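Summary of the model geometry
Take a look at the letters that make up each chain.
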Amino acid sequence: MRGVAILGSTGSIGRTALDVLRRQRDHFRVVALTAGRNRDALAAQAAEWRPGFVGLAQPGLNGGWPTGPDVLVEAATRPDADIVVNAVVGAAGLEATLAALHAGKRVALANKETLVMAGDLVRQAACAGGGEIVPVDSEHSAVLQCVTGRDSGMDRLILTCSGGPFREWPAARVLQATVEEALRHPTWSMGQKITVDSATLANKALELIEAHHLFRLPYDALEVVIHPQSIVHAFVEFCDGSVIAQLGFPSMELPILYALTHPGRLPDAGVRRFDPVAAGPLTFEPPRSDVFRALGAGIAAGRAGGTAPAVFNAANEVAVAAFLDRAIPFGRISDVIDAVLAAHAPAPATSLEVVQEADRWARVRAREHVRSSW
Ligand SMILES: NC(=O)c1ccc[n+]([C@@H]2O[C@H](COP(=O)([O-])OP(=O)(O)OC[C@H]3O[C@@H](n4cnc5c(N)ncnc54)[C@H](OP(=O)(O)O)[C@@H]3O)[C@@H](O)[C@H]2O)c1
C-alpha cells in the first residue's frame, strides 16, 4: 500500500488520477488532497477518500481545512505520502515539487511548468533528497516506457503533437480565433490553460524543455512532429538507428497509472484497449512554425537556458489568462511572449529566489504588454 498525495485534485489530471486510483484500491491509498479554490469539489473528494490532509491553496476560503499556498508543500512532504501527484497548473506547483524531492518522494509530475522554470534545481533537489521525478505528460511517459529496461542510450526523441484546433486554419484566421474555438481541442479533454497552450503550440515548447531536463538530451536531439490522431505519443531513436514508439488511444489514465507503478505495471480493466483498425490511418506532418510562433520562442528560450525558460513560461501564463479573460486576441499571445523575452537578459538560474524573481519580472512586463493591447 503506497500513500498518494494529489496536488490539484479538482483539476482534469487530478480527477483522472482519482478515477485511476478508484480501480487500484488494493495498491494505493490517498493520503492528501489539495485544490486551488474549488471548495465544493474538494469537499466531495474528501468525503469519498477520507485522506489525512485536505487543503485549499486560495487563502481565506474556509472549508474547515488549512488554506493558503503553503498547503501544497505541507501535503507534498507528509510522512505517509510515498508518491506526490503534482497536477497543479502553472508556476504555483514549483515549490511543492522541490519540497517533495528534498523529502525523498516520487513525484508523478504533470506540472510541466516546474521543469521548465527550474529544471536544474529540480535535479539538484532530487539528488540531495533522494526523490525522483516520473513524468505524467503522455509524450514523456511514452519515452520513459520506450527506454525502461534498455541499456543503450537514446540518440533522438520525436515528440508528437496533435496540432490543436487551428492546425489547418489560414494564418490570418488563427490570429482572430475566439476563446470558444481555442478550447475546442480535437483529441484531448484538458484544463483550460493547457488547452490554449495546445492551440498556440506553446505546450509543445514547454514539453521540449521538459524532455531536455528529464532525459538529459541537447535541444538538437529533440524534435516535434504533428500527428493529428494523437495515437503515437513519442518516438525514441537509438544509436543504431532503431526507432521505438509508444501508442495508445488518447487518455491520461495510462500515463498517470504508469507514473505510479514505474518501472512495473499493474493491470487496469478501465483503460481502452488498443485496436489498430479503429485507430485508422496515422499521419505525420511538420509544424507550421511561422503561424504558431510560440513553439519557436519557447525552444529559443530553452536553448538560451538560465532564467529564459521561466520568463517564457510566466509571459505565456499571463498572456493565456488575458486571452481567456478576453482582454487580448489569440494572435497577441505570441506577441506578448516575444516582447517579454526580447527585454530579458537571461541569468544563470542558481536558486529558487533567482527563478522566482525572473518569474515576477516577466509577469509585470507581460501585464504591461497586455494593458497596451487594450
Ligand atoms: N489535462 C491534461 O490532460 C494534461 C496532460 C498533460 C499535462 N498536463 C499538465 O498538468 C497540469 C494540470 O493540468 P490540468 O489540465 O489538470 O489543469 P486544471 O484542470 O486547470 O486543474 C488545475 C488544478 O490546480 C489547482 N490550482 C490552480 N491554481 C492553483 C494554485 N495557484 N495553487 C494551488 N492549486 C491550484 C486547481 O484547483 P481548483 O480547480 O480548485 O481551482 C486544479 O485542481 C498542467 O501543468 C498541465 O500542463 C495536463
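None of these values were measured; they are calculated from a predicted model.

Thresholds applied
Residues numbered from 1 in each chain as written. Predicted model: local features only at pLDDT ≥ 70, side-chain atom pairs only at ≥ 80, totals over all residues. Heavy atoms only, no water. Helix = DSSP H or I, 4+ residues; strand = E, 2+ residues; numbered from the N terminus. Buried < 20%, exposed > 50% of the residue type's maximum accessible area, 1.4 Å probe, protein only. Contact = heavy atoms within 4.5 Å. Areas by Shrake-Rupley, 256 points an atom, 1.4 Å probe, with all protein chains shown as cover. Domains from an automatic or database assignment. Buried area = accessible area lost by both parts, 1.4 Å probe. Pairing = 2+ DSSP bridges. Axes fitted to C-alpha atoms, helices over the stretch in contact; angles between N-to-C directions. Core = buried A, V, L, I, M, F, W, Y, C linked by side-chain atoms within 4.5 Å. Right-handed = clockwise from strand over helix to strand, strands pointing away. Near = heavy atom within 4 Å. Polar contact = N/O pair within 3.5 Å; in protein donor to acceptor, adjacent residues only side chain to side chain. Nonpolar A, V, L, I, M, F, W, Y, C, P; charged D, E, K, R; others polar.

Helices and strands together make up the secondary structure of the protein chain, namely 16 helices and ten strands. Judged by the C-alpha coordinates and their principal axes, the protein chain covers about 50 × 50 × 40 Å. Out of the 374 residues in the protein chain, the part that is buried amounts to 56%. In the protein chain, once contacts between residues fewer than 6 apart in sequence are set aside, the share between residues at least 24 apart is 68%. Total accessible area computed for the protein chain in this model is approximately 15400 Å², and 52% of it derives from carbon and sulfur atoms.

All right, on to helix α11 (residues 253-261) then. By the criterion of burial, α11 is predominantly enclosed, with eight of the nine residues buried. Those residues of α11 that sit buried are Glu253, Pro255, Ile256, Leu257, Tyr258, Ala259, Leu260 and Thr261.

Further remarks concern the domain arrangement of the protein chain. Under the domain assignment used here, the protein chain contains domain 1 (2-135) and domain 2 (141-250 + 258-371). A straight line from the C-alpha centre of domain 1 to that of domain 2 covers 22 Å. The interface of domain 1 with domain 2 comprises 31 residues on the first partner and 36 residues on the second. Taken over both partners, the interface formed by domain 1 and domain 2 buries close to 2700 Å², and the fraction arising from carbon and sulfur atoms is 64%. Broken down residue by residue, the surface that domain 1 buries against domain 2 is led by Lys112, Val116 and Pro135, which jointly contribute 25%.

The next subject is unusual backbone geometry. The omega torsion across histidine 262 and proline 263 is 5°, close enough to zero to call that bond cis. In this structure, proline 263 sits in the loop between α11 and α12 (276-279). The backbone of arginine 216 sits at a positive phi, close to 55°, despite the residue not being glycine. By secondary structure assignment, the location of arginine 216 is in the loop between α10 (202-215) and β8 (222-226).

Attention shifts here to the sheet that holds strand β2 (residues 28-35). Read across the sheet, six strands follow the order β3-β2-β1-β4-β5-β6 without closing on themselves; strand pairing throughout is parallel. The sheet terminates laterally at β3 (53-56) and β6 (132-135), the two strands that pair on one side only. Strand-to-strand twist across the sheet, computed as the mean angle between neighbouring axes with direction ignored, equals 20°. The pairing of strand β1 (residues 2-7) with β2 spans six bridges and is parallel. Residue pairing in the sheet places arginine 2 in a bridge with phenylalanine 28 of β2. α11 contacts β1, β2, β4 (83-86), β5 (106-109) and β6 of the sheet and is inclined by roughly 170° relative to β5.

As a further point, take the environment of alanine 366. Positionally, alanine 366 belongs in helix α16 (residues 352-371). Sequence separation between alanine 366 and serine 351 is 15 residues, and the spatial gap between their C-alpha atoms is 23 Å. Among all residues touching alanine 366, those that are not within four sequence positions of it are Ala315, Val318, Val336 and Val340.

A separate point is the nonpolar core. In a soluble, globular protein the nonpolar side chains are often hidden away together inside. Leu157, Phe166, Phe312, Phe330 and Ile333 are the most contacted members of the largest nonpolar core, which has 62 residues in total. Beyond its immediate chain neighbours, meaning those up to four positions away, phenylalanine 330 contacts Phe166, Val174, Leu175, Ala177, Ala182, Val196, Ala199, Thr200 and Phe323.

Glancing now at the pairing of β1. Across a regular strand the side chains alternate sides, sitting on one face of the sheet and then on the other. In terms of burial, β1 is a largely internal element, five of the six residues being buried. Crossover β1 to β2 through helix α1 (residues 12-22) is right-handed. Where β1 lies against β4, four bridges are found, and the strand directions are parallel. Looking at β4, one finds that alanine 5 is bridged to valine 84.

The next subject is the site of the ligand. The full set close to the ligand counts 25 residues, and Thr10, Gly36, Asn38, Glu113 and Gly191 are the nearest of them. Between the ligand and glycine 8, the relevant distance is 3.2 Å, taken from an oxygen atom to a main-chain nitrogen or oxygen of the residue. Glutamate 113 is positioned such that a nitrogen or oxygen atom in its side chain is 2.7 Å from an oxygen atom of the ligand. Within the complex, the protein chains bury 83% of what would otherwise be the 890 Å² of accessible surface of the ligand. When the residues that make up the shell around the ligand are grouped by side-chain class, the tally is twelve nonpolar, nine polar and four charged. When we break the shell around the ligand down by domain, the ones giving at least three residues each are domain 1 (2-135) and domain 2 (141-250 + 258-371).

For arginine 363, the location among the structural elements is in helix α16. Separated by 2.8 Å, the side chains of arginine 363 and aspartate 359 make a polar contact. Beyond its immediate chain neighbours, meaning those up to four positions away, arginine 363 contacts Ala91, Ala314, Glu317 and Val318.

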